[in-house]
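# Structural description and commentary
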Amino acid sequence: MKFSINLADLGTEIGATLKEASSSDLPISGIATLMRAGKHEVSFFTNGLYRDELAKTSAAAVILASKDERFCKVPKLVMENPYLGYAKTARLFNPPPCYPQGKHPTAWVSEEAIFDEASVSIGPQTVIEAGVKLGRNVVIGPGCVIGKGIKIGDNCQLIANVTLCTGTVLGQRVIIHPGAVIGSDGFGNANDAGKWVKVPQLGGVIIGDDVEIGANTTIDKGALEDTTIGEGVKLDNQIQIGHNVQIGEHTAIAGCVGIAGSTRIGRYCMIAGGVGIAGHLNISDYVHITGGSIVLQSIHEKGIYSSGTPLEQNRRWHRNYHRFKHLDEMAKRLQTLERRQ
Amino acid sequence: MKFSINLADLGTEIGATLKEASSSDLPISGIATLMRAGKHEVSFFTNGLYRDELAKTSAAAVILASKDERFCKVPKLVMENPYLGYAKTARLFNPPPCYPQGKHPTAWVSEEAIFDEASVSIGPQTVIEAGVKLGRNVVIGPGCVIGKGIKIGDNCQLIANVTLCTGTVLGQRVIIHPGAVIGSDGFGNANDAGKWVKVPQLGGVIIGDDVEIGANTTIDKGALEDTTIGEGVKLDNQIQIGHNVQIGEHTAIAGCVGIAGSTRIGRYCMIAGGVGIAGHLNISDYVHITGGSIVLQSIHEKGIYSSGTPLEQNRRWHRNYHRFKHLDEMAKRLQTLERRQ
Amino acid sequence: MKFSINLADLGTEIGATLKEASSSDLPISGIATLMRAGKHEVSFFTNGLYRDELAKTSAAAVILASKDERFCKVPKLVMENPYLGYAKTARLFNPPPCYPQGKHPTAWVSEEAIFDEASVSIGPQTVIEAGVKLGRNVVIGPGCVIGKGIKIGDNCQLIANVTLCTGTVLGQRVIIHPGAVIGSDGFGNANDAGKWVKVPQLGGVIIGDDVEIGANTTIDKGALEDTTIGEGVKLDNQIQIGHNVQIGEHTAIAGCVGIAGSTRIGRYCMIAGGVGIAGHLNISDYVHITGGSIVLQSIHEKGIYSSGTPLEQNRRWHRNYHRFKHLDEMAKRLQTLERRQ
């Protein structure tokens, strides 16, 4: 039987005001997009691009901000942050799945690992080495490798094929998606007359509470001290974080970002997809960096930062592209002209 | 014994015209580069950079376009699309390998998975969860994890260490290379007074027929609806595809491309390596985007698009780089001068 | 018991001159950062950013260059390349760990694999296919997949969850970090009236001695010939190397770099993070490319190369960004003005 709740109670649950009292008893059993939501589902509106869909929706109600009420003909659940309302509603209707209790017979778990078999779930083909310590309700999915001595806090979840190398410590409620590698060696090489000598990587990786780490993301261990990911940080897929990087609390980083070694990112930052950040920099709190930007210097003030040039039709771009090589010369010629005036 | 075919029959097989009738009986047993091909191997010529090699080749024959015939002293297999001739010849001499039938004893396969043991191959250490349904002649290589309820069409091949998360559906003849992760959670977080609340990702990933997915590529499941990859799409390595992205049929995307959530890419597009595409955009059919471009706006017309600045010696670049900060000011100063004329 | 060595002997060991003879008998048991090093630990100084820490350090001694001696109040180990001194010291105090001998009971190893059980270590859940040949002292960590016929030289180490596909050959002392995929199919597709036909990838990947390959890095096999990674090359995480690429000896490449097919990189190059290099290019020896650069043409001379525009506050950037579209026109207008003078 599917979970259902009436519209008025849903409003209370998510902190929204129901604007059509006559609908308060309507049973709601899910959330869907504006175009798909049926008469017992709610939807949400947060992005102006979808105003046409809002006008046409058959949803039981729409979660939206008061400024958008007038575009909506069905009952409204009005709140300041409708995206948060969507998140809360989706969580309400989709509680996390249950996992089988204990160790799967095909997993290999060292006898020197420490955990309460009644409260953890260890998936098939997983490897847990000696000295590992798992908190309560930890779920380690199939195909994971948990290296020697790693500590994993309560309620963490490793989906599948996750690799944690020795020196990694996870806080509580950390979620790690498939293919992520935490605690691999940092890229440290000393040059000896042209040849590279490996610098042993002796630090660890400390992951705070409520961190989420995307698929195929990599976080290197520190060289001498630790790489640290602050509480509540959200990392998307295919992010690379170099050794000794520090990321402040509640910062969110989108896919394909690379952060070179020893850089510190502040708290509450938002870094869009494909950004590259050089090593040994300091990025302040509350900094937003837009997609594809390259950051070669520290950022000392909060704000929105960007780099890069516009996408153009190739022929046009080519002309501007070649002119860029002479920009300095152009600036000097302009100055010469100004002096002659 | 190695498979061999005479030159005339090879021409017929690949749709080329043999331009040296006296060689029609020559037995051919393989394809190699212009420099390496021996007297019973053919080669091909498609890239003007290799004209010297063409002149020097000892190949039994060269597959090439009629405009290049005159540069070639050995027999010619002439066709409009010699690269296609190369592909067909290489396929002819290198049929796909055979795989051991049935389930490897070290694989863990749920009793609730559905497949015909006589026609599938399941490699060592692989995990197949409950409700999975495999089509005929499916090959699941070693170390894969196939989550609950996933459907895999006939003749699909997962090379090794592939992770498919619940909600993924593969068409027929899909090839997935190692380390790829399909159906991991999209990056959805709602901000609640500075902290991030996870938005459950409830959609799936629908992969069309004849799609190929490269090593360590990641494709996220949709938030509410599905992420869809159209028929015949080819994805290289380390591509990141966000939730709810739609990619049209027969589009090819090279390595290290990132596509943010909810963007739609048209059919027959070609996206070169390292391109970044922002979220919620629309890219038309037949769009080509050149390497390293950053796409922040929709593209409504077919054509070739680019962004970025030229690579230069660091000292020169540095001067132009700093001038870019004052480009707007330069434009205004130029205008001022023009007005004074 | 922890290994310890006196300061004078440490100096001899790493090739440094001890500048405080009175401290020569001081027992040293480790290396740490300037801020953390205790009275029996040495530290090192190579980056001017940390001069304050140098002044305040309580280390037993600091490894540094003679030009920095005057900033240091504690005993000094003076040498030309203090970063190399750091590497050597860290190696001295941290010898590689020991690995369990032989094949783990949960690994699956083909009876047709060739190795000396007394000298190799094969981790849990690993797969080793037929015809694989392992040299002496090879360590294959947990969850790896080693495809048919692969040759691995003496003293190689695959940390965990590494995938090597058929056609791969590793020299001696190669280190490969988790999630790396070597020898997956190159991205080869021929267009047949809009649809893509897969080009079989028939080459291999040849990895030289002393190469290190980072987490989730991918190296494709060649189309007809081999992809080759020269001796002593160091590759960081999440690098993508296309088919038929050749990388010269002792080149170092940082994270998130993508190199498209058939490009040749010279020897002793340094390529910083996030660089993208197009296909079929030639990059000379001793070329340095700075972070985030896009390389669309060959580089024929050694030197430092860069591309890209500066990061700016979004509002300022936006103005310059739009002006870039008219750069060619601006150049022409400037020329017109000059002619009128």
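Residues numbered from 1 in each chain as written. Chains lettered and ligands numbered in written order. Predicted model: local features only at pLDDT ≥ 70, side-chain atom pairs only at ≥ 80, totals over all residues. Heavy atoms only, no water.

The name given to chain A in an unreviewed UniProt entry is UDP-3-O-acylglucosamine N-acyltransferase, with the source organism recorded as Candidatus Marithioploca araucensis. Its UniProt record, at the heading Catalytic activity (unreviewed entry), says of chain A: "a UDP-3-O-[(3R)-3-hydroxyacyl]-alpha-D-glucosamine + a (3R)-hydroxyacyl-[ACP] = a UDP-2-N,3-O-bis[(3R)-3-hydroxyacyl]-alpha-D-glucosamine + holo-[ACP] + H(+)". (UniProt positions renumbered as here; feature names shortened; annotations may be inferred.)

Another point: the pairing of strand E6 (residues 61-64) of chain B. Residues and elements named next belong to chain B. Covered by surrounding structure in E6 are Ala-61 and Ile-63 together with Val-62 and Leu-64, the residues of both alternating faces. Bridge analysis of strand E5 (residues 41-44) against E6 gives 3 bridges, and the strand direction is parallel. Pairing of Val-42 across the sheet is with Ala-61, part of E6. With helix H2 (residues 51-56) bridging E5 and the parallel E6, this β-α-β connection has right-handed handedness. Pairing of E6 with strand E7 (residues 76-78) involves 3 bridges; the strand directions are parallel. Counterpart to Leu-64 in the pairing with E7 is Val-78. (Buried < 20%, exposed > 50% of the residue type's maximum accessible area, 1.4 Å probe, protein only. Helix = DSSP H or I, 4+ residues; strand = E, 2+ residues; numbered from the N terminus. Pairing = 2+ DSSP bridges. Right-handed = clockwise from strand over helix to strand, strands pointing away.)

Before going further, it helps to examine the interface of chain A and chain B. Across the boundary between the two partners, chain A contributes 69 residues, which contact 74 residues of chain B. Taking both sides of the interface into account, the surface hidden between chain A and chain B amounts to around 6,000 Å²; carbon and sulfur atoms contribute 61%. For chain A, the biggest contributors to the area lost against chain B are A:Gln125, A:Leu311 and A:Phe324; these three give 12% of the whole. Linking chain A with chain B are 5 salt bridges. Measuring nitrogen to oxygen at the nearest pair gives 2.7 Å for the salt bridge that ties B:Lys198 to A:Glu212. At the junction of chain A and chain B, the tally comes to 31 residue pairs in polar contact (both at pLDDT 80 or more). For the side of chain A that touches chain B, the secondary-structure elements that each account for two or more residues are helix H3 (82-93), strand E27 (234-235), strand E30 (252-253), strand E39 (312-313), helix H4 (314-324) and helix H5 (327-340) of chain A. When residues in the side of chain A that touches chain B are grouped by element, the largest group, 9 residues, is from H5(A). Split by residue class, the side of chain A that touches chain B holds 34 nonpolar, 25 polar and 10 charged. (Contact = heavy atoms within 4.5 Å. Buried area = accessible area lost by both parts, 1.4 Å probe. Salt bridge = Lys/Arg side-chain N within 4 Å of Asp/Glu carboxyl O. Polar contact = N/O pair within 3.5 Å; in protein donor to acceptor, adjacent residues only side chain to side chain. Nonpolar A, V, L, I, M, F, W, Y, C, P; charged D, E, K, R; others polar.)

Moving on to the sheet that holds strand E20 (residues 181-184) of chain B. Residues and elements named next belong to chain B. With parallel pairing, 10 strands are arranged side by side in an open sheet as E9-E11-E14-E17-E20-E25-E28-E31-E34-E37. The two strands at the open ends of the sheet, each matched to only one other strand, are strand E9 (108-109) and strand E37 (294-295). Sheet topology places strand E25 (residues 218-220) next to strand E28 (residues 240-241); 2 bridges connect them, and they run parallel. Bridge assignment links Thr-218 to a residue of E28, and that residue is Gln-240.

This part is about the relation of the copies chain A and chain B. In screw terms, the move from chain A to chain B is a rotation of 120 degrees and a rise of 0.0 Å along the axis, fitting with an RMSD of 0.0 Å. Each copy turns onto its partner about a three-fold axis. (Least-squares fit on C-alpha atoms with pLDDT ≥ 70 in both.)

A separate point is the domain arrangement of chain A. Annotation of chain A at the domain level lists domain 1 (5-93), domain 2 (102-305) and domain 3 (314-341). Spacing between the C-alpha centres of domain 1 of chain A and domain 3 of chain A amounts to 54 Å. (Domains from an automatic or database assignment.)

Moving on, we come to the side chain of C:His177. For C:His177, the location among the structural elements is in the loop between strand E19 (175-176) and strand E20 (181-184). In this structure C:His177 comes out as buried when scored by relative accessible area, which is 3%. Among the polar contacts made by the side chain of C:His177, one reaches the side chain of C:Glu212 at a distance of 2.7 Å. Setting aside residues up to four positions removed in sequence, C:His177 forms contacts with A:Asp185, A:Lys198, C:Ile159, C:Ala160, C:Val162, C:Glu212, C:Ile213, C:Gly214 and C:Ala215.

Next up on the list: the packing of aromatic side chains. Throughout the structure, instances matching the rule amount to 21 aromatic pairs over all chains. An angle of 75 degrees between the planes, with centres 5.4 Å apart, marks the rings of B:Tyr83 and B:Tyr86 as edge-to-face. Linking B:Tyr83 with B:Tyr86, this pair stays in helix H3 (residues 82-93), spanning 3 residues, or about one helical turn. Residue class for B:Tyr83 comes out partly exposed when judged on its relative accessible area of 27%. According to the relative accessible area criterion, B:Tyr86 is buried, its value standing at 2%. Ring centres 5.1 Å apart and planes at 10 degrees place the aromatic pair C:Tyr268 and C:Tyr286 in the stacked group. In this pair, C:Tyr268 is assigned in the loop between strand E32 (264-265) and strand E33 (270-271) and C:Tyr286 in the loop between strand E35 (282-283) and strand E36 (287-289), connecting sequence segments 18 residues apart. Among the residues examined, C:Tyr268 registers a relative accessible area of 24% and is labelled partly exposed. (Phe/Tyr/Trp six-rings, centres within 6.5 Å; stacked < 30°, edge-to-face > 60°.)

This brings us to the interface of chain A and chain C. Opposite the 75 residues of chain A that make contact, chain C presents 69 residues. Across the interface of chain A and chain C, roughly 6,000 Å² is buried in total on both sides, 61% from carbon and sulfur atoms. Sorting the residues of chain A by area buried against chain C places A:Phe187, A:Trp196 and A:Leu224 first, and these three jointly supply 12% of that buried surface. Joining chain A to chain C, the criterion identifies 5 salt bridges. Scanning the region where chain A abuts chain C turns up 31 residue pairs in polar contact (both at pLDDT 80 or more). No other element matches the 7 residues that H4(A) contributes to the side of chain A that touches chain C. Residues of the side of chain A that touches chain C, tallied by class, amount to 33 nonpolar, 28 polar and 14 charged. Note that strand E38 (residues 303-306) of chain A and strand E39 (residues 312-313) of chain C share 2 bridges and pair antiparallel.

Before going further, it helps to examine H5(A). Relative to the 20 Å expected for 14 residues at 1.5 Å per residue, H5(A) spans 20 Å between its end C-alpha atoms, a close match to the ideal helical length. Listed in full, the buried residues belonging to H5(A) are A:Leu327, A:Asp328, A:Met330, A:Ala331, A:Leu334 and A:Leu337. Tucked into the core, H5(A) has its buried residues touching H4 of chain A, helix H4 (314-324) and helix H5 (327-340) of chain B together with helix H5 (327-340) of chain C. (Expected span 1.5 Å × (residues − 1).)

With that out of the way, let us pick up the pattern of salt bridges. By the definition in use, this model includes 42 salt bridges over all chains. With its nearest N and O atoms 3.0 Å apart, the salt bridge here joins A:Asp328 to A:Lys332. Taken as a pair, A:Asp328 and A:Lys332 lie in helix H5 at a separation of 4 residues, close to a single helical turn. Owing to a relative accessible area of 43%, A:Lys332 belongs among the partly exposed residues under this scheme. Shared partners join several salt bridges into a network, and the residues in it are A:Arg319, A:Arg323, C:Asp328 and C:Lys332.

Here we come to the packing of helix H1 (residues 7-14) of chain A against H3(A). All names here are of chain A. The geometry of H1 relative to H3 is characterised by a closest axis approach of 9 Å and an angle of 115 degrees between their N-to-C directions. Here the hand of the crossing between H1 and H3 comes out right-handed. On the side of H1, the interface is formed by Leu-10, Glu-13 and Ile-14, while H3 contributes Gly-85, Lys-88, Thr-89 and Leu-92. Looking at the contact of H1 with H3, its residues break down into 3 nonpolar, 2 polar and 2 charged. (Axes fitted to C-alpha atoms, helices over the stretch in contact; angles between N-to-C directions. Left-handed = near helix turned anticlockwise from the far one by under 90°.)

So, about the UniProt feature "active site" (unreviewed entry) in chain A. Residues and elements named next belong to chain A. Feature annotation in UniProt assigns "active site" (unreviewed entry) to the following positions: His-243. Along the chain, the position of His-243 falls in the loop between strand E28 (240-241) and strand E29 (246-247). According to the relative accessible area criterion, His-243 is buried, its value standing at 13%. Not counting the four nearest positions on each side in its chain, His-243 is found in contact with Gly-186, Phe-187, Gly-188, Gln-201, Asp-220, Lys-221, Gly-222, Ala-223, Thr-227, Gly-261 and Ser-262. Of note is the side chain of His-243, whose polar atom sits 2.7 Å from the side chain of Gln-201.

Within the fold, A:Ala87 resides in helix H3. Through-space distance from the C-alpha of A:Ala87 to that of A:Phe44 is 9.9 Å; in sequence the pair is 43 residues apart. The residues touching A:Ala87, leaving out its near neighbours within four places in the chain, are B:Ala190, B:Val197, B:Lys198, B:Val199 and B:Pro200.

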